[in-house]
Amino acid sequence: MPSPDFLAIGSSIIDDIVYPDGRTSMGVLGGGGAHAAYGIAFAGEKPALVGVVGEDLPTDIRARLEADFDTAGLVWTHHPQMRGWQIFEWNGLRNEIFRVEVIEPFMYGPAADSPHVPFERATGFTLLRAPEHVAGWRARFPDAMLLWEPVRVFMLSADREAFLKGIAQADIVSPNLHEAQTMYGVEDELEIMRRMLDDGVNAAALRMGELGSLVARGGDAVAHYIPAVEVAEVVDQTGAGNSYCGGFLVGYCRERNIVAAGCYGAAAASFTLEHVGCARIPADLDAEWERRLDEARRGVRTVAL
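Described below are features of the structure shown in this document. Starting from 1, residues in each chain are numbered consecutively following that chain's sequence as written. Where local features are concerned, this predicted model is filtered to residues with pLDDT of at least 70; where side-chain atom pairs are given and counted, the filter is 80 or more; whole-chain, interface and lining totals use all residues. The basis for the side-chain values is all heavy atoms of the structure; hydrogens and waters are excluded.

Side note on the environment of arginine 291
Logical step 1: Looking at the element boundaries, arginine 291 is found in helix 11 (residues 285-298).
Logical step 2: Exposure classes here rest on a 1.4 Å probe applied to the protein chains alone. A residue is buried below 20% of its type maximum, exposed above 50%, and partly exposed in between. For arginine 291, a relative accessible area of 40% translates into the label partly exposed.
Logical step 3: Distance in space between the C-alpha atoms of arginine 291 and methionine 208 is 22 Å, their sequence separation being 83 residues. For helices the rule is a DSSP run of H or I covering at least 4 residues; for strands it is a run of E covering at least 2, with both sets numbered from the N terminus onward.

Considerations on the pattern of salt bridges
Logical step 1: Any carboxyl oxygen of Asp or Glu within 4 Å of a side-chain nitrogen of Lys or Arg constitutes a salt bridge here. Taken as a whole and judged by the stated rule, the model has 18 salt bridges.
Logical step 2: Aspartate 220 serves as the salt-bridge partner of arginine 217, at 3.3 Å between the closest nitrogen and oxygen.
Logical step 3: The network of salt bridges with common partners includes Glu274, Glu288, Arg291, Arg292 and Glu295.

Looking at the packing of helix 9 (residues 240-255) against helix 10 (residues 258-273)
Logical step 1: Angular values range over 0 to 180 degrees, each being the angle between N-to-C directions of two axes fitted as lines to C-alpha atoms, with helices fitted over their stretch in contact. Contact geometry of helix 9 with helix 10 gives a least axis separation of 6 Å together with a crossing angle of 145°. Both helix 9 and helix 10 take part in a crossing whose hand is right-handed. Across from Ala240, Ser243, Tyr244, Gly247, Phe248, Val250, Gly251, Tyr252, Arg254 and Glu255 in helix 9, the residues of helix 10 making contact are Ile258, Ala260, Ala261, Gly262, Tyr264, Gly265, Ala266, Ala268, Ala269, Thr272 and Leu273.
Logical step 2: Three residue categories are used. Nonpolar comprises Ala, Val, Leu, Ile, Met, Phe, Trp, Tyr, Cys and Pro, charged comprises Asp, Glu, Lys and Arg, and polar comprises the others, including Gly. Here the residues of the contact of helix 9 with helix 10 sort into 13 nonpolar, 6 polar and 2 charged. The hand of a helix crossing depends on one turn: near helix anticlockwise from the far one by less than a right angle means left-handed, and clockwise means right-handed. What makes two residues a contact is simply this: any of their non-hydrogen atoms within 4.5 Å.

Comments concerning the side chain of arginine 129
Logical step 1: Counting through the fold element by element, arginine 129 comes out in strand 8 (residues 124-129).
Logical step 2: Working convention for charge: Lys and Arg count positive, Asp and Glu count negative, and His plus the chain ends are omitted. No salt bridge is formed by the buried arginine 129. Its closest oppositely charged neighbour is glutamate 132, at 9.3 Å.
Logical step 3: What qualifies as a polar contact is a pair of N or O atoms within 3.5 Å, subject to a donor-acceptor requirement within protein and to the restriction that residues adjacent in sequence count only when both atoms come from side chains. Of the polar contacts made by the side chain of arginine 129, one reaches the backbone oxygen of glycine 109; its length is 2.7 Å.

Points about the pairing of strand 5 (residues 74-77)
Logical step 1: Across 4 bridges, the pairing between strand 4 (residues 48-54) and strand 5 is parallel. Across the sheet, residue glycine 51 finds its bridge partner in strand 5, namely leucine 74.
Logical step 2: With the strands aimed away from the viewer, a crossover counts as right-handed if its path from the first strand over the helix to the second runs clockwise. Remark: the strand 4/helix 2 (residues 59-68)/strand 5 crossover connection has right-handed handedness. Here, a strand pair is defined by DSSP locating no fewer than two bridges between the strands.

Points about the packing of helix 7 (residues 177-184) against helix 8 (residues 189-198)
Logical step 1: Where helix 7 meets helix 8, the closest approach of the two axes is 10 Å, and the angle between their N-to-C directions is 65°. The angle between helix 7 and helix 8 falls in the class roughly perpendicular. Seen along the crossing, helix 7 lies across helix 8 with a hand that is left-handed. On helix 8, the residues that touch Leu177, Ala180, Gln181 and Tyr184 of helix 7 are Glu189, Ile192, Arg195 and Met196.
Logical step 2: Looking at the contact of helix 7 with helix 8 residue by residue, the class counts come to 5 nonpolar, 1 polar and 2 charged. An angle below 35 degrees is treated as roughly parallel, one above 145 as roughly antiparallel, one from 65 to 115 as roughly perpendicular, and anything else as oblique.

Overview of the nonpolar core
Logical step 1: Residues grouped as a nonpolar core are buried Ala, Val, Leu, Ile, Met, Phe, Trp, Tyr and Cys residues, joined through side-chain atoms within 4.5 Å. Counting residues in hydrophobic clusters, the biggest one holds 52 residues, and the most contacted among them are Leu65, Ile172, Phe248, Tyr252 and Trp289.
Logical step 2: Here this core gets 10 residues from one element, more than from any other, and that element is helix 10.
Logical step 3: When sequence neighbours within four positions are dropped, the list of residues in contact with leucine 65 reads Leu29, Leu49, Leu57, Thr71 and Leu74.

Written out as structure tokens, the structure reads:
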């Protein structure tokens, strides 16, 4: 089977969303893997989505995944599809309550050596996993660009030794600011970036929500602030960071430039902000992509490390 250029390895979740005013959005496609795959798609590529899904996956969701992605890397299980309540509070906090008993296969499967993943090569892939999974996927695709997005539950454990093992296998590392603050025990984003690079990160993208992102490469004396692309209305922030990672990966593979990659990430994240759950690919994607990419480029600010 021909291999796609880009893979997004991570989970797909069905979200049942409850808003502070009592409104609901039921049966929404989410999950870090799916959001990252859409980030790749917004950048103009058709990725493969690699993950575990339940045989009871809703028909409309399955049809959508098959239309937008290469789904040959999806592994089907008899366990009920991972599904959860996403309960939003007035202050922006979100509580996640899973509605199924079995979640581990969806969060961490398939294994890197799974025979059910048919691809032999890739240009690049995003990996939303704990550090113990990174080496296996690096070995599976040794020549591909690997963007590692550490899972939140691991980063909040502040297990730095395990973090260093993941870093050693990745080409790009992209935590969010809160996670990195917990891991390193410091608040300042520039100091976090210095420590990440000192720890051996080749290329770092620190995601900072509405503040944009901070990007830098090992050996550079400067870092770059990439602005968040403004949208008419922020509907839902969930998954924007994952989409950023997908866009960043494509930009870095195409241009081998950290600033360009950050702008790709910002543009990809902006589409997700405008939708509940995974954003639809717009009919005018090419023109809208260029407009958002240009906006991000105009706001770049470079600082000394």
